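# Observations on the three-dimensional arrangement
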Amino acid sequence: MNKSRLILVILAGLNAVLLGIIYHCQFGAERNEPKLVGGPGSVIVERSTLVNLNNGKWIGSFRAHDGSIYLRDHLKSVDGGKTVIQQDGVDVEALTKDPGLTAIAMDGLFYATGGTPTRIGPGMYRTWAWRSTDELKSIAKEEVLISIPQGPQRDAGPNEWYGVHIHRSIVQLTDRSWLMTMYGNFSEDTLLPQDLDASKETTYMTRAFVVRSIDKGHSWQFVSNIAVPRFGDPVGEGFGEPTMVLLEDGTLLTIMRTGHHFPLYASWSSDQGKSWTAPTYTGLDRGCDPHLIRLRDGRLVLSWGRRYPEGWSKIVPEGDQSLFKYPGKGYLNLAVSNDNGRTWENDKVASEVGSAYSTIFEVEPNVLFVQVDQWYWRIQLRPRVTGRT
């Protein structure tokens, strides 16, 4: 073979390899993208194009008082998700790595915490929080103490889901104190999960509860149980991953996960979280990590994941969790309530959504920013019908 012919053969080979790489990037990667499902639904008017930031899995986002949305990998949006820009003004990577981050943002104060507090003595637990008093020009990390007198009296073992966990919500009450949602195990909690997949999620069934702070999050004290599982209850993991809002009439509403194969339940409090109604079936099935917000028009919006959906989930010896391969076939669902959470209009909005842990914000009237893992998009909701409750 002469020299020029050899060069042509090599170039042809390189071209084939390059085309293969391009094909894989354009089409192979496409198969791992979530798919926006359906057209406009009962509550949805329009959905934007899905954006992939390629910034990680099992991650979250949060919104500052000025409306800026901070995302993993030093990214943020200042226009409600229409565009995303790089930011290096403040390091919040410790916050955006937590899909269940608990945060509150108000004029002159931003506060966030999360994770699993460390037991430091009988009924006392320590965790970390982040505080900013200059609209997130800077942020400081601080130690926080939580008093839970009946909390767990041992540490979690290796790879064991046990203890108490901060999750999702802080609301400011009328007396300006803060109420925060948590879940986990107290020392008396020894009920075993109901099924194989639930037993892979938690050692014992969990309870949901609230703690209160009268010093803007420097310390917290146990207030009440929202929901505690009993033997025979139709729940798989107990009550976990609570999300809470303050309704227009001053009532508190909490929505809770009960297991990947079990429905979401709701409880209401009319006395600032001192007591709660019995857990009530929402009509929303197979949920993980619900996120509840109140719109400017008073309606409620709930997002939640269905990681093991219909048509895929099977009763087999190894269980769904063992068969799951990221990003899976699960759905993200979105529901809207006009009656303070008593009934819901529900839509599927995307499939193959990875962890199915979502975060939502209302960024314009009736317009939502929706983030799941490295993906985000915007959803326009149907306006509230005048006179409808």
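Owing to the predicted nature of the structure, the values given are computational and were not obtained by experimental measurement. (Residues numbered from 1 in each chain as written. Predicted model: local features only at pLDDT ≥ 70, side-chain atom pairs only at ≥ 80, totals over all residues. Heavy atoms only, no water.)

## A closer look at the overall build of the chain
Secondary structure assignment for the chain yields four helices and 27 strands. In terms of C-alpha radius of gyration, the chain reaches 23 Å, essentially the compact-globule figure of 21 Å for 389 residues. Here the C-alpha coordinates of the chain stretch approximately 85 × 50 × 45 Å along the principal axes. With 389 residues in all, the chain has 52% of them scored as buried. Expressed as a percentage of contacts within the chain between residues at least 6 apart in sequence, the contacts between residues at least 24 apart total 56%. Counting only carbon and sulfur atoms, one obtains 54% of the accessible surface of the chain, whose full area is about 17,600 Å². A distance of 3 Å separates the average location of the 41 positive side-chain charges in the chain from that of its 43 negative side-chain charges. (Helix = DSSP H or I, 4+ residues; strand = E, 2+ residues; numbered from the N terminus. Rg over C-alpha atoms; globule rule 2.2 N^0.38 Å. Buried < 20%, exposed > 50% of the residue type's maximum accessible area, 1.4 Å probe, protein only. Contact = heavy atoms within 4.5 Å. Areas by Shrake-Rupley, 256 points an atom, 1.4 Å probe, with all protein chains shown as cover. Lys, Arg positive; Asp, Glu negative; His and termini not counted. Charge placed at Lys NZ, Arg CZ, Asp CG, Glu CD.)

## Observations regarding the sheet that holds strand β18 (residues 252–257)
Pairing in this open sheet of four strands is antiparallel, and the strands run β17-β18-β19-β20 from one edge to the other. The outermost strands of the open sheet, each flanked by one partner alone, are β17 (240–246) and β20 (280–281). (Pairing = 2+ DSSP bridges.)

## A word on the packing of aromatic side chains
By the definition in use, this model includes 17 aromatic pairs. Ring geometry for Tyr308 and Phe324: centres 6.3 Å apart, planes at 70 degrees, overall edge-to-face. Note that Tyr308 is positioned in the loop between β22 (300–306) and α4 (319–323) and Phe324 in the loop between α4 and β23 (331–337), a separation of 16 residues in sequence. Assessed through its relative accessible area of 15%, Phe324 is described here as buried. Three or more aromatic residues link up through ring pairs in this structure, and these residues are Trp58, Tyr326 and Trp375. Residue placement shows Arg307 over the ring face of Phe324; its charged tip is 5.9 Å from the ring centre. The ring centre of Tyr331 lies 4.1 Å from the NZ or CZ of Lys348, which sits over that ring. (Phe/Tyr/Trp six-rings, centres within 6.5 Å; stacked < 30°, edge-to-face > 60°. Lys NZ or Arg CZ within 6 Å of the ring centre and 35° of its normal.)

## Comments concerning the sheet that holds strand β7 (residues 85–86)
Across the sheet, which stays open at both edges, the four strands sit in the order β4-β5-β6-β7 with antiparallel pairing between neighbours. A single partner strand is all that each edge strand has here, and the edge strands are β4 (61–63) and β7. The pairing of strand β6 (residues 75–77) with β7 spans two bridges and is classified as antiparallel. Residue pairing in the sheet places Leu75 in a bridge with Gln86 of β7.

## Side note on the environment of Arg230
Here Arg230 shows up in the loop between β16 (219–227) and β17. As a C-alpha pair, Arg230 and Gly115 span 115 residues in sequence and 26 Å in three-dimensional space.

## Some words on the pattern of salt bridges
The tally for this structure, following the rule as stated, stands at 22 salt bridges. With its nearest N and O atoms 3.6 Å apart, the salt bridge here joins Glu93 to Arg72. One end of the pair, Glu93, is in helix α2 (residues 93–96); the other, Arg72, is in the loop between β5 (69–71) and β6, with 21 residues separating them in the sequence. For Arg207, the salt bridge is made with Glu188, and the minimal N-O distance between the two is 3.2 Å. Within this pair, whereas Arg207 is found in strand β15 (residues 207–213), its partner Glu188 is found in the loop between β14 (178–184) and α3 (196–201), the two being separated by 19 residues in sequence. Under the relative-accessibility criterion, Glu188 is labelled exposed at 55%. Among the ionic contacts, a cluster of salt bridges with common partners joins Glu201, Glu237, Glu241 and Arg257. (Salt bridge = Lys/Arg side-chain N within 4 Å of Asp/Glu carboxyl O.)

## A closer look at the pairing of β22
Along β22, seven of the seven residues are buried, which leaves the element largely enclosed by surrounding structure. The alternating pattern of β22 places Leu300, Leu302, Trp304 and Arg306 and Val301, Ser303 and Gly305 on opposite faces, both of which are buried. Note: strand β21 (residues 288–294) against β22, five bridges, orientation antiparallel. Bridged to Arg294 within β22 is Leu300. Between the antiparallel neighbours β21 and β22 lie five residues, among them Gly298 with a positive phi of about 95 degrees. Of the strand pairs in this sheet, β22 and β23 are connected by seven bridges, and their pairing is antiparallel. Within β23, the position partnered with Trp304 by the bridge is Asn333.

## A short note on the confidence of the model for the chain
In regions of low pLDDT, the predicted coordinates are not meant to be interpreted in detail. When pLDDT is averaged along the chain, the result is 91; 90% of the residues meet or exceed 70. Scored below 50 in pLDDT, residues 1–31 shows six contacts in the model against residues more than four places distant or in partner chains. (pLDDT = per-residue confidence, 0-100.)

## Section: the nonpolar core
Counting 23 residues, the largest nonpolar core has Val301, Leu334, Leu368, Trp377, Ile379 and Leu381 as the members making the most contacts within it. If near-sequence neighbours (up to four positions away) are discounted, Leu381 is found in contact with Val43, Ile44, Val45, Leu295, Val301, Leu334, Val336, Asn366 and Leu368. Membership of the second largest hydrophobic core comes to 19 residues, among which are Ile104, Tyr111, Ile148 and Trp220. (Core = buried A, V, L, I, M, F, W, Y, C linked by side-chain atoms within 4.5 Å.)

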